[in-house]
Amino acid sequence: MDAIMLQEKLVERLLCPRVRTARQKEKQYVGFATLPNQVHRKSVKKGFDFTLMVAGESGMGKSTLVNSLFLTDLYKERKLLNAEERINQTVEIIKHTVDIEEKGVKLKLTIVDTPGFGDAVNNNECWKPITDYIDQQFEQYFRDESGLNRKNIQDNRVHCCLYFIPPFGHGLRPVDVEFMKALHEKVNIIPLIAKADCLTPNEIKKLKDRIREEIDKFGIKVYQFPECDSDEDEEFKQLDKELKECTPFAVIGSNTVVEARGQRVRGRLYPWGIVEVENQSHCDFVKLRNMLIRSHMHDLKDVTCDVHYENYRAQCIQEMTSKLAQDNRMESPIPILPLSTPDVETEKLIKLKDEELKRMQEMLNKMQQQMHDKEQ
Amino acid sequence: MCRGAVLMKADLSCTLLTMAANEHEEKRNLELGGHVGFDSLPDQLVSKSVAQGFCFNILCVGETGIGKSTLMNTLFNTTFENEEASHYQSEVQLRPQTYDLQESNVNLKLTVVHTVGFGDQINKGQSHKPILDYIDAQFERYLEEELKIRRSLFNCHDTRIHICLYFIAPTGHSLKSLDLVTMKKLDSKVNIIPVIAKADTVSKSELDKLKIKIMSELVSNGVQIYQFPTEDEAVAEINTSMNTHLPFAVVGSVEDVKVGNKMVKARLYPWGSVQVENENHCDFVKLREMLLRVNMEDLREQTHARHYELYRRCKLEEMGFKDTGPDSQSFSLQETYEAKRKEFLVDLQRKEEEMRQMFVSKVKETEAELKEKEKELHERFEQLKRMHQDEKKNLEEKRRDLEEEMNAFNRRKVAAETLMGQALQGCSQPFKKDKDKKNFFSLPSACSLTSGRNLN
């Protein structure tokens, strides 16, 4: 119970920064301390959006987990393929968009599904459709951002990718490594151990250590939680540290509600016991949910915008300018060119101004000279 | 029913033959007057087999980490040494290990073959090949032993795979595409029993759905898994009921956990413990019954009678042996063998001839080449010689010219000296001097002219 209370506190703290304004009452009150409130109000009015991608082999429990996370049923009519149909299956990208609301805060949630990943017999480059999709979203945003009318830009960039690692093996498999390496510089990857109810606590620990080791070994850059500020108090830091040591999260999902310990909870019913999804000693589902939704959702968006998108943009521009240098022609569809090659009018103006400046400089020099002479 | 009809047909043909052979003898059923004692024949057979020892070979096919080794340990209640496999094998390998086990007074030579690296590669199209090759290799080994002239079949260690346990990952939906492809390739070579591994991740309702889905997929794709035999009345009932429980959902564990007041094999979770030998929890007990306690001998028989015979037939047909010739008269193996041998020898001779001819022609070729080269060399030698001679001639001529010039020069010198002497003597004769001078100057030119002419 202690851990839960602490976590609640953590969540509160992140959501309500206004508590600090009380300290300012002694000094003369200017009033900009209400900025956070204003931001809060505006953002509630505007609404939020979030794009989450789930990737992993068929049958890892991705849909179940998404349903458990957002407490809805996103996958009503789903057609599952037979084994013989999957022998040569290619990866598809399917988007589900839902609008959900909680306490007046609206969230436009987009889940990007990748059915067919890792299911065929030959999985060479099965991650290509996924990387292409992510690049496409970046490109579209890039064009919109450089356009003339920027009022209603739709942000379809993928903010986070949950990658489901099967718990049946001894660690990461080659296809896992290749997928994460292809994507780690384009999107925030959060690896998860799926179907964790087939592992005893010891086995979970061993597998987590193994996976962390292999992630380091192969140089995969998964999403890192931001360091907490040094002026936070100990329990916050402790929680943060625990969270970091728990990765990758071992999760269980469930679509069904069962009766356990007198309450109705989401869980899985076995002859030997009941696994509760929200029980911290059973799995890390609660940690994942808190991290993903309650504390770090915005940070994920920020990292996507500030790091991944900027990398993409810089790369894109570099390619274009190097191509231009080769071609030596002013042929490019992106209208950011006005900055590097200004049009004729502004050029003229600039030239005029330059000349004026030069003239003035000369006059100044002359005057100085005259003064100098007079002195002498 | 079909099998019964076949048996009847066989019987009929048998009796027809015997009737054809001895038309006057009839098979009669006789009543025995007392206890003879041949009812101990099965016991004799049993004691002989026990003395010989039994042989059993299991092949475990499944992804890395799916629990093959743990299940083997649990089945045989012992710890087979097995190192953990890595996920990064570039291709599937098979690791056979043989153990000698003993229970009561029965010796069992158990060989367990694990697939290492199965399902780990990104391109799994060739995953089934090493497995098929291994199974064929064991059949081949037995076939060789059978075809030997001096053979010791009873002594030889039978390494043919009697049973293949295929471990299906419990993803909850259905078979994986790799599973389907592999099982399809293996079903005509070995007895397959599919098992759902790590079944403690599938809840009861999901399990029923999964089993139905898997069996329907296998049936619709024509995969023939091993069916427990239902002809023998002693085991018919249990076998038929077990056939409906396929594929078995198993959980393996070698750790003992205290449940109630007993120590049982189980897996301990925060929410409960999965007992391996509890029939409500998983089908491990069923698998053990079927595999070891009831049908082991039948598995061996099926391997020998069905899979091995099929392999043998295909192999011999490949080699060209036939049971019936073009005019549908039966050949004996010997005749076919003789024919084959003759063919082979003729072939061999032909090849020898070919090789010899090739050798001869090659030799001729090289000879011709060498001759040509020799000619060439000669030519060059001649050429050089000629050049050398020309040069020599040139030099000689030049030398002669030089000598002539020297002689001319010497003469001029002598003439000049004499003239000088004359001039000294007759100083008062200037005209003569001029004349002489003239003569003196014209002389060398005349000399040079003559010497020039001499050259030509």
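In this numbering scheme, every chain counts its residues from 1 along its sequence in written order. All chains are assigned letters beginning with A, and all ligands numbers beginning with 1, in the order in which they are written. Note on the predicted model: pLDDT of at least 70 is required for a residue's local features to be given, and 80 or more for side-chain atom pairs to be given and counted; whole-chain, interface and lining totals, by contrast, use all residues. Side-chain calculation: all heavy atoms of the structure are included, whereas hydrogens and water are not.

Draft legend 1. Focus on helix H2 (residues 41-52) of chain B. Its 12 residues place the ends of H2(B) 16 Å apart at the C-alpha level, agreeing with the 16 Å of an ideal helix rising 1.5 Å per residue. For the purposes of this entry, the term helix denotes a DSSP run of H or I that reaches at least four residues, the term strand denotes a run of E that reaches at least two, and both are numbered from the N terminus. Backbone geometry just downstream of H2(B) places Gly53(B) in the positive-phi region, at approximately 95 degrees. One less than the number of residues in a helix, times 1.5 Å, gives the span that helix is expected to have.

Draft legend 2. Spotlight on the environment of Met60(A). Tracing the chain through its elements places Met60(A) in the loop between strand S1 (48-55) and helix H3 (62-70). Along the sequence, Met60(A) and Pro167(A) sit 107 residues apart, while their C-alpha atoms lie 9.2 Å from each other. Non-local contacts of Met60(A), meaning those with residues more than four positions away in its chain, are made with Phe164(A), Ile165(A), Pro166(A), Phe168(A), Ala194(A), Lys195(A) and Thr171(B). Whether two residues touch is decided by their heavy atoms; if any such pair falls within 4.5 Å, the residues are in contact.

Draft legend 3. Up close: the UniProt feature "site: Important for dimerization" (unreviewed entry) in chain A. All names here are of chain A. The UniProt entry lists Phe 168 under the feature "site: Important for dimerization" (unreviewed entry), expressed in the numbering used here. Locating Phe 168 in the fold gives a position in the loop between strand S4 (160-165) and helix H5 (174-183). When accessible area is computed with a 1.4 Å probe and restricted to protein chains, residues below 20% of their type maximum are described as buried, those above 50% as exposed, and intermediate ones as partly exposed. Residue classification places Phe 168 among the buried positions, given a relative accessible area of 2%. UniProt positions are given in the numbering used here, feature names are shortened, and annotations may be inferred rather than shown by experiment.

Draft legend 4. Structural context of the environment of Pro167(A). Topologically, Pro167(A) is positioned in the loop between S4 and H5. Separated by 29 residues in sequence, Pro167(A) and Ala196(A) have C-alpha atoms that sit 6.6 Å apart. If we skip the residues at most four places from it in the chain, Pro167(A) touches Ile193(A), Ala194(A), Lys195(A), Cys198(A), Leu199(A), Leu207(A) and Lys198(B).

Draft legend 5. Region of interest: the sheet that holds strand S9 (residues 273-276) of chain A. All names here are of chain A. Pairing within the open sheet is antiparallel, and its 3 strands lie in the order S7-S8-S9. Here the strands that pair on one side only, and so sit at the sheet edges, are strand S7 (257-260) and S9. Strand-to-strand, the axes of this sheet are offset by a mean angle of 70 degrees, without reference to chain direction. Sheet topology note: the S7/strand S8 (residues 263-270) ladder contains 4 bridges and is antiparallel. Within S8, the residue paired with Val 257 across the bridge is Arg 266. A pair of strands is considered paired only if DSSP assigns at least 2 bridges between the two. Throughout, an axis means a line fitted to C-alpha atoms (over the contacting stretch in the case of helices), and angles, computed between N-to-C directions, take values from 0 to 180 degrees.

Draft legend 6. The arrangement of unusual backbone geometry in detail. Residue Thr247(A) is joined to Pro248(A) through a cis peptide bond whose omega torsion reads -10 degrees. Mapped onto the fold, Pro248(A) is located in the loop between helix H7 (234-245) and strand S6 (249-250). The peptide bond linking Leu246(B) to Pro247(B) adopts the cis configuration, its omega dihedral lying at -15 degrees. By secondary structure assignment, the location of Pro247(B) is in the loop between helix H7 (233-243) and strand S6 (248-249). In this structure, Lys103(A) is a non-glycine residue whose phi angle is positive, near 50 degrees. Relative to the elements of secondary structure, Lys103(A) occurs in the loop between strand S2 (94-102) and strand S3 (105-113). You can call Lys103(A) exposed: its relative accessible area is 84%. A positive phi angle, close to 45 degrees, is found at Lys195(A), a residue other than glycine. Here Lys195(A) lies in the loop between strand S5 (189-193) and helix H6 (201-218).

Draft legend 7. How the structure looks around the interface of chain A and chain B. Each partner contributes to the interface: chain A provides 52 residues, whereas chain B provides 46 residues. For the pair chain A and chain B, the two sides together bury roughly 4,000 Å², of which 55% comes from carbon and sulfur. The partner of Glu206(B) in a salt bridge is Arg268(A), with the nearest N and O atoms 2.9 Å apart. Each polar contact in these results corresponds to two N or O atoms within 3.5 Å; when the atoms are within protein, one needs to be able to donate a hydrogen and the other to accept it, and residues that are neighboring in sequence are counted only if both atoms are side-chain atoms. At the boundary of chain A and chain B, one finds 15 residue pairs in polar contact (both at pLDDT 80 or more). Those elements that provide at least two residues to the side of chain A that touches chain B are H5, H6, S8 and S9 of chain A. At 6 residues, the largest contribution of residues to the side of chain A that touches chain B is made by H6(A). Under the convention adopted here, Pro, Cys and the residues Ala, Val, Leu, Ile, Met, Phe, Trp and Tyr are nonpolar, Asp, Glu, Lys and Arg are charged, and Gly plus all remaining residues are polar. Here the residues of the side of chain A that touches chain B sort into 24 nonpolar, 14 polar and 14 charged. Here the buried area means the combined drop in accessible surface, using a 1.4 Å probe, for two parts upon being joined, counting both sides. Salt bridges are identified by distance alone: a Lys or Arg side-chain nitrogen within 4 Å of an Asp or Glu carboxyl oxygen.

Draft legend 8. Just the side chain of Thr64(B), in detail. Among the secondary structure elements, Thr64(B) is positioned in the loop between strand S1 (54-61) and helix H3 (68-76). At a separation of 2.6 Å, a polar atom in the side chain of Thr64(B) contacts the side chain of Asp120(B). Non-local contacts of Thr64(B), meaning those with residues more than four positions away in its chain, are made with Phe168(A), Gly169(A), His170(A), Ala85(B), Ser86(B), His87(B), Gly117(B), Phe118(B) and Asp120(B).

Draft legend 9. Structural view of the nonpolar core. In these notes, a set of buried Ala, Val, Leu, Ile, Met, Phe, Trp, Tyr and Cys residues joined through side-chain atoms within 4.5 Å is what counts as a nonpolar core. One finds Leu162(A), Phe179(A), Ile193(B) and Phe248(B) to be the most contacted residues of the largest nonpolar core, which totals 154 residues. With 7 residues, helix H4 (residues 128-147) of chain B is the largest single contributor of residues to this core. Each residue touching Leu162(A), except ones within four places of it in the same chain, is listed here: Leu52(A), Met53(A), Val54(A), Ala55(A), Leu69(A), Ile190(A), Leu192(A), Leu288(A) and Leu292(A).

Draft legend 10. Main features of the packing of aromatic side chains. When two rings of Phe, Tyr or Trp (its six-membered ring) have centres within 6.5 Å they constitute a pair, described as stacked for plane angles under 30 degrees, edge-to-face for angles over 60, and tilted for the intermediate range. Using the criterion set out here, one finds 17 aromatic pairs over all chains in the structure. Measuring from centroid to centroid gives 4.8 Å for Phe117(A) and Phe179(A), while their planes differ by 65 degrees, and the two rings are edge-to-face. Remark: Phe179(A) occurs in helix H5 and Phe117(A) occurs in the loop between S3 and helix H4 (128-145); sequence separation between them is 62 residues. For the pair Phe117(A) and Phe179(A), a shared accessibility class is recorded, and that class is buried. Members of the aromatic cluster, connected to one another through ring pairs, are Phe138(A), Tyr141(A), Tyr309(A) and Tyr312(A). Cation over ring: Arg160(B) sits above Tyr142(B), and NZ or CZ is 3.6 Å from the ring centre. One Lys or Arg, Arg160(B), reaches over the ring of Tyr308(B) and ends 4.8 Å from the middle of that ring. In this analysis the charged atom, NZ for Lys or CZ for Arg, is taken to sit over a ring once it is within 6 Å of the ring centre and within 35 degrees of the ring normal.

Draft legend 11. Fine view of the side chain of Ser203(B). Within the secondary structure, Ser203(B) sits in the loop between strand S5 (192-196) and helix H6 (204-220). Classification of Ser203(B) by relative accessible area gives buried; the value is 7%. With near-sequence residues (within four places) excluded, Ser203(B) lies in contact with Arg268(A), Leu269(A) and Tyr270(A).

Draft legend 12. Representation of the sheet that holds S6(B) within the structure. All names here are of chain B. Ordered in space as S2-S3-S1-S4-S5-S6, the 6 strands form an open sheet in which the pairing is mixed. Two strands close off the open sheet at either side, each with one partner strand: strand S2 (93-103) and S6. Pairing analysis gives 2 bridges linking S5 to S6, with the strands arranged parallel. The residue of S6 that forms the bridge with Val 195 is Phe 248. Sitting on the sheet, H6 is in contact with strand S4 (163-168), S5 and S6, with an inclination near 150 degrees to S5.

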